[in-house]
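Remarks on the overall topology
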Amino acid sequence: MIAAIITAAGSGLRLGPGDPKAQRMVRGLPLFVYSLRTLCANQLIDHIVVVVRSDAVDEVKDFIAHDPIAGPSSTEVNVVAGGATRQESVALGLASMDAGVDHVLVHDAARALVPAEVVEAVIARLMDGALAVVPVIEVTDTIRSQVDGVLGVVVDRNSLRSVQTPQGFTREVLVRAHQSVGVAATDDASLVEALGVQVVGVNGSPEAFKITYPTDLIFAEALIDQQEAGSR
Ligand code: CTP
Ligand code: MG
């Protein structure tokens, strides 16, 4: 059985004043609902855990129950309280999974507009036997290192990739990664890699960008408008 964790328990400080990012209303829907609907529509995902700030659990449960797409979906959706860091939020989501789950996707609510094809590609590679899968895209900026305020050398961008979500794992590997003490990481694949497990890449998408700054929100709204115009 495949399950997904949606991490939605952050504050969204970089997005500026307003509701926490995952609950921020974007074109009439809380941000987390966009990727929840996409994951609910994937027939291979049986169970989704949405991890939200503890003060938002009841409100989010209520919203999902009344959502015309996620509400009636055959996918079981649970809502649990997250922690102080993303890593803690993933661990809390993982701890709430049913016994029958053998593969887990971890997805950031902030990557609200992830295309269904990216989710499908990650699952396909997992079903092919990979233990850890991440969507990646090429880096478009020229990247330079900087240490203690001093600019260093340019890093060859052809050898670099930006890593997105959903990231997919066998449950066993992800649980083991989260049990390894002393490692702090911004994503789950980094934790898994610290165990010596190979992480494989599939094609990500520019549309799976992480909404972080106010300008990202403007881009997201434009994409939503374009998608709605296309489906009319
Ligand atoms: N997240 C989480 N629990 C936390 C922190 C973050 O579940 N304690 C989630 C966020 O809700 C987001 C994802 O992890 O979907 C990626 O984090 P980020 O983009 O940094 O979001 P925020 O932490 O909310 O934003 P900021 O860092 O600007 O405050
Ligand atoms: Mg953050």
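The coordinates are above.
Quick summary incoming for the structure in this document. (Residues numbered from 1 in each chain as written. Chains lettered and ligands numbered in written order. Predicted model: local features only at pLDDT ≥ 70, side-chain atom pairs only at ≥ 80, totals over all residues. Heavy atoms only, no water.)

So, on to the side chain of S35. Relative to the assigned elements, S35 resides in helix α1 (residues 31–40). Overall, S35 belongs to the buried group, its relative accessible area being 0%. Every residue in contact with S35, bar those within four places of it in the chain, is listed here: I6, H107, A109, R111, A112 and V114. (Helix = DSSP H or I, 4+ residues; strand = E, 2+ residues; numbered from the N terminus. Buried < 20%, exposed > 50% of the residue type's maximum accessible area, 1.4 Å probe, protein only. Contact = heavy atoms within 4.5 Å.)

So, on to the site of ligand 1. Taken together, 18 residues are adjacent to ligand 1, and T7, G12, L13, R14 and S89 come closest. G10 is positioned such that a nitrogen or oxygen atom in its backbone is 3.0 Å from an oxygen atom of ligand 1. With respect to ligand 1, the side chain of K21 contributes an N or O atom lying 2.9 Å from an oxygen atom. Elements with a contribution of two residues or more to the shell around ligand 1: β1 (2–8) and α3 (86–95). Residue composition of the shell around ligand 1, grouped by class: six nonpolar, seven polar and five charged. (Near = heavy atom within 4 Å. Polar contact = N/O pair within 3.5 Å; in protein donor to acceptor, adjacent residues only side chain to side chain. Nonpolar A, V, L, I, M, F, W, Y, C, P; charged D, E, K, R; others polar.)

As a further point, take the environment of A177. In this fold, A177 is placed in helix α5 (residues 171–179). Linking A177 and A189, residues twelve residues apart in sequence, is a C-alpha distance of 8.7 Å. Setting aside chain neighbours within four positions, we find A177 in contact with L191, V192 and L195.

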